[in-house]
Amino acid sequence: MRSSNPVFSRRGFSRDNGYAGFNAQQQAGGPAAGTNPYATNPYATDPYAQPGVQAGMPPQAPARSGVMTIDDVVSRTAITLGTVFVTAALAWFLLPVDPANLNKSYGIGIGAALVAFVLAMVQAFKSKASPALILGYAAFEGVFLGVISSAVTTYVAAGAVPQAVLGTMSVFAGVLIAYKKRWIRVNRRFYGFVMAAAIGFVLLMAVNMLFAVFGGGDGLGFRSGGLGIVFGIIGIVLGACFLALDFKQVEDGVAYGAPREESWLAAFGLTMTLVWIYLEFLRLISIFSGDD
């Protein structure tokens, strides 16, 4: 199981019209051991070979230790998000964005964002989870968020941060409920749509940033005014889709007995998605406040 965030994921999934690596058909007794990448039961494909199995009963894999559980994912995600929160709070108080220190604070914030991106990419291309890389990413991402959040609060909207946090929590809760109720079905088509939309969105934002850097102003206007509002809403919707993919990967990892260290990758994907949603809410609130 890899991070389910489409921008960083290199391994596919899943049980329902999924991708290689997690593509397995369900049996009456659970996932088919013949295609489950984590199955270890040597009798799973031959019910007559396993001693003690009653006739007509599906074979059961022996209990395994060291497999991923929901508790593992929750605890690792709490640690990762806690790291983001702590470093964001430290950056907020230690890197003031008053006019005398504005350039210095912005420089540190941008530098931290670049380091966080590099660490995220290194982890994305590693075959195994590295808690040090993931927590390093969370720490530097927190510094960036602290500087940006402080600047928005100081110069744009005093209540932007709690509003953005509340909006992010609401999206998370809404997608979780919709996923548990099966109102959202994550399959190959859903994954392909989200991937295509994410690539297009990121490319447009990159082009807009280039125009802003070399041409000045707001570039093509994709991140301000009316267009900024539209693209902000699109960004939040994409973040919600990323969350659904994250939940699917966690569900498949638990169902198929992924190694416990894979819970760090689940925490990694969830943290990146929540940061994405928070930043989009912060940008939207800034735009609305600037129009007042």
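As shown above, the structure is provided for reference.
If you're wondering where the values come from, they're calculated on a predicted model, not measured in any experiment. (Residues numbered from 1 in each chain as written. Predicted model: local features only at pLDDT ≥ 70, side-chain atom pairs only at ≥ 80, totals over all residues. Heavy atoms only, no water.)

Some thoughts on the overall build of the chain
Along the backbone of the chain there are 7 helices and 2 strands. When its helices and strands are written in sequence order, the chain yields β-β-α-α-α-α-α-α-α. Considering the chain as a whole, with its 292 residues, one finds that 45% of them fall into the buried category. Across the chain, every contact between residues at least 6 apart in sequence was considered, and the portion connecting residues at least 24 apart equals 75%. Only carbon and sulfur atoms are counted for the fraction: they give 67% of the accessible area of the chain, which is about 14700 Å². (Helix = DSSP H or I, 4+ residues; strand = E, 2+ residues; numbered from the N terminus. Buried < 20%, exposed > 50% of the residue type's maximum accessible area, 1.4 Å probe, protein only. Contact = heavy atoms within 4.5 Å. Areas by Shrake-Rupley, 256 points an atom, 1.4 Å probe, with all protein chains shown as cover.)

Re the packing of aromatic side chains
What describes a pair of aromatic rings is the distance from one ring centre to the other and the angle between the planes of the rings. Counted by the stated rule, this structure contains 6 aromatic pairs. Judged by centre distance (5.5 Å) and plane angle (80 degrees), the rings of Phe172 and Phe247 are edge-to-face. Residue Phe172 is found in helix α4 (residues 160-180), and its partner Phe247 is found in helix α6 (residues 225-255); the two are separated by 75 residues along the sequence. For Phe172, a relative accessible area of 28% puts it in the partly exposed group. Its relative accessible area of 10% is what places Phe247 among the buried residues. Each member of the aromatic cluster is reached from another via a ring pair, and the members are Phe201, Phe231, Phe242 and Trp276. (Phe/Tyr/Trp six-rings, centres within 6.5 Å; stacked < 30°, edge-to-face > 60°.)

Regarding the packing of α4 against α6
Axis separation between α4 and α6 bottoms out at 10 Å; the angle between their running directions is 50 degrees. The pairing of α4 with α6 is recorded here as oblique in orientation. As for how α4 packs across α6, the hand of that crossing is right-handed. For the pair α4 and α6, the contacting residues are Val171, Phe172, Val175, Leu176 and Tyr179 in the first and Ile236, Ala240, Leu243, Ala244, Phe247, Lys248 and Glu251 in the second. Here the contact of α4 with α6 is built from residues that sort into 10 nonpolar, no polar and 2 charged. (Axes fitted to C-alpha atoms, helices over the stretch in contact; angles between N-to-C directions. Parallel < 35°, antiparallel > 145°, perpendicular 65-115°, else oblique. Left-handed = near helix turned anticlockwise from the far one by under 90°. Nonpolar A, V, L, I, M, F, W, Y, C, P; charged D, E, K, R; others polar.)

Structural notes on the nonpolar core
Core analysis: the largest hydrophobic core is formed by 57 residues, its most contacted members being Tyr137, Val171, Val175, Phe190, Leu243 and Leu282. When residues of this core are assigned to their parent elements, the largest contribution, 16 residues, is made by helix α7 (residues 262-290). Dropping the residues within four chain positions of it, Val171 is found in contact with Ile236, Ala240, Leu243, Ile277 and Phe281. Core analysis: the next-biggest nonpolar cluster, separate from the first, contains 7 residues, Ala91, Leu95, Ala112 and Ala151 among them. (Core = buried A, V, L, I, M, F, W, Y, C linked by side-chain atoms within 4.5 Å.)

So, the packing of helix α1 (residues 70-94) against helix α3 (residues 131-155)
Where α1 contacts α3, the two axes come as close as 7 Å, and the packing angle between them is 40 degrees. In terms of axis orientation, α1 runs oblique to α3. When you trace α1 past α3, the crossing you get is right-handed. Across from Ile79, Thr80, Thr83, Val84, Thr87, Ala88, Ala91 and Trp92 in α1, the residues of α3 making contact are Ile134, Leu135, Ala138, Ala139, Gly142, Val143, Leu145, Gly146, Val147, Ser149, Ser150 and Thr153. Across the contact of α1 with α3, the residue classes break down as 12 nonpolar, 8 polar and no charged.

Quick look at the side chain of Ser149
Take Ser149: it is sitting in helix α3. Under the relative-accessibility criterion, Ser149 is labelled buried at 4%. Dropping the residues within four chain positions of it, Ser149 is found in contact with Trp92, Val161, Tyr278 and Leu282.

Let's talk about the environment of Ala258
Within the secondary structure, Ala258 is located in the loop between α6 and α7. Residue Ala258 is classed as buried on the basis of its relative accessible area, which comes to 0%. C-alpha of Ala258 to C-alpha of Met68: the two residues are 190 residues apart in sequence and 5.5 Å apart in space.

Everything listed here is a matter of geometry and, on its own, says nothing about what the molecule does.
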